[in-house]
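Fold and contact review
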Amino acid sequence: MHVLFLQPGYQKRVEHTSLISVVPPLELASCAALVRHRLLGTEVSIIDGNVLGLSVSELVEQAIALNPDVVVLHAATHTIKAAGRVAELLKQHATVVLLGSHGTALPAETLAEFAGITVIVRGEPEETLVEWLGVWQDPQQWAHVTGLAFGNGEETVLTPNRQLLESLDSLPTPARDLLPNDLYSSPYARRVTALRTTRGCPGQCTFCDSHLIYGCGTRTRTPAAVVDEFG
């Protein structure tokens, strides 16, 4: 099985790009690392269409060339239209899965609007995605995987919410080896990256979607795990 993770481009749409950091898609890299760790023998790839400056057609062309069985897209609301177009163009080539806040907040509406998306992983994605990949060829088993949304005829099936990870240290280090690390940048430097030490936030800012994915309670990684990721 080959699982391909895709990040649609959005950077070119930012008016003042020189003022915006371009950082790795850690959600995809974290999922890719866990897939590789748990599902031994699975081929895993990432194409970050954002940092590479790829159009939808270019991203799809590169994806088809890799001949994946499953394509995993990440999208918030500002990238959902592009992700939907990518999914539509790839649905004849692979099963398309969506991660991210837009699908989590509006699963039924997202599945109805974007027919190329087969499954939505709602909330914190890693464990749900890996469990679903274990049964992806048997749709009868999908209803037993918590944290999913998928279509069943005219209705949308929402399986029960998955509990948040108790220990963030249980996740392997994000698969940065699959990313073009030399291309990430900030307004102040080149060759930068990002690292997360916590998940969840008690704040309820109206402009932020973090609580949809990671909840409102703060969970922290141990200092040792953070230092190990520096290596």
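Quick caveat: nothing in here was measured; it's all calculated off a predicted structure. (Residues numbered from 1 in each chain as written. Predicted model: local features only at pLDDT ≥ 70, side-chain atom pairs only at ≥ 80, totals over all residues. Heavy atoms only, no water.)

**With respect to the packing of aromatic side chains**
Overall, the coordinates contain 2 aromatic pairs when judged by the stated rule. Summarising the aromatic geometry, the rings of Trp 142 and Phe 150 are spaced 5.5 Å apart at their centres and angled 85 degrees between planes, so their arrangement reads as edge-to-face. Of the two residues, Trp 142 and Phe 150, both sit in the buried class. Ring pairs connect the aromatic residues Trp 132, Trp 142 and Phe 150, which therefore count as one cluster. (Phe/Tyr/Trp six-rings, centres within 6.5 Å; stacked < 30°, edge-to-face > 60°. Buried < 20%, exposed > 50% of the residue type's maximum accessible area, 1.4 Å probe, protein only.)

**Considerations on the side chain of Gln 7**
Within the secondary structure, Gln 7 sits in strand β1 (residues 2-7). On the basis of relative accessible area, Gln 7 is assigned to the buried category, the value being 7%. Excluding residues that lie within four positions of it along the chain, Gln 7 makes contacts with Pro 25, Leu 28, Ile 47, Asp 48, Gly 49, Asn 50, Leu 59 and His 74. (Helix = DSSP H or I, 4+ residues; strand = E, 2+ residues; numbered from the N terminus. Contact = heavy atoms within 4.5 Å.)

**Quick notes on the sheet that holds strand β6 (residues 148-152)**
Within the open sheet, the 7 strands sit side by side as β2-β1-β3-β4-β5-β6-β7. Their pairing is mixed. The two strands at the open ends of the sheet, each matched to only one other strand, are β2 (43-48) and β7 (155-158). Ignoring which end each strand starts from, the neighbouring axes of this sheet average 20 degrees apart. As defined by bridge partners, strand β5 (residues 119-121) adjoins β6 across 3 bridges and the pair is classed as antiparallel. Residue pairing in the sheet places Val 121 in a bridge with Leu 148 of β6. The sheet contacts of helix α3 (residues 80-90) involve β1, β3 (70-74) and β4 (95-99), and relative to β3 the element is tilted by about 170 degrees. (Pairing = 2+ DSSP bridges. Axes fitted to C-alpha atoms, helices over the stretch in contact; angles between N-to-C directions.)

**Structural notes on the environment of Thr 198**
Within the secondary structure, Thr 198 sits in strand β10 (residues 198-199). On the basis of relative accessible area, Thr 198 is assigned to the partly exposed category, the value being 36%. A C-alpha to C-alpha distance of 17 Å links Thr 198 and Val 23, two positions 175 residues apart in sequence. In contact with Thr 198, not counting residues within four places along its chain, are Leu 168, Thr 218, Arg 219 and Thr 220.

**Topic: the pattern of salt bridges**
Evaluated as defined, the whole model comprises 12 salt bridges. A salt bridge links Asp 177 to Arg 36; the nearest nitrogen and oxygen atoms lie 2.9 Å apart. With Asp 177 in the loop between β7 and β8 (185-186) and Arg 36 in helix α1 (residues 26-38), this pair connects stretches of sequence that are 141 residues apart. Its relative accessible area of 55% is what places Asp 177 among the exposed residues. (Salt bridge = Lys/Arg side-chain N within 4 Å of Asp/Glu carboxyl O.)

**Digging into helix α8 (residues 223-230)**
Among all positions in α8, only Ala 225, Val 226 and Glu 229 are buried. The buried side chains of α8 occupy one side of the element, clustering within an arc of 100 degrees when seen end-on. Residues of α8 that are exposed and point more than 90 degrees away from the buried face comprise Pro 223, Val 227, Asp 228 and Phe 230. (Arc of directions from axis to C-beta.)

**Some points on the state of the cysteines**
Tallied over the entire structure, the rule returns 0 disulfides. Free of any disulfide, Cys 201 has its nearest neighbouring cysteine sulfur in Cys 205, separated by 6.3 Å. (Disulfide = S-S within 2.5 Å.)

**Some thoughts on α3**
Looking only at α3, the buried set comprises Ile 80, Ala 82, Ala 83, Gly 84, Val 86, Ala 87 and Leu 90. Residues of α3 that are buried make contact with β1, α2 (56-66), β3, β4, α4 (101-105) and α5 (107-113).

**Observations regarding the pairing of β1**
Among the 6 residues that make up β1, 6 are buried, leaving the element largely enclosed by the rest of the structure. Looking at chain direction, β1 and β2 are connected through 6 bridges and run parallel. Paired with Phe 5 across the strands is Ile 46, a residue of β2. In this sheet, β3 lies alongside β1 in parallel orientation, the contact comprising 4 bridges. Bridging from a neighbouring strand, Phe 5 pairs with Val 72 of β3.

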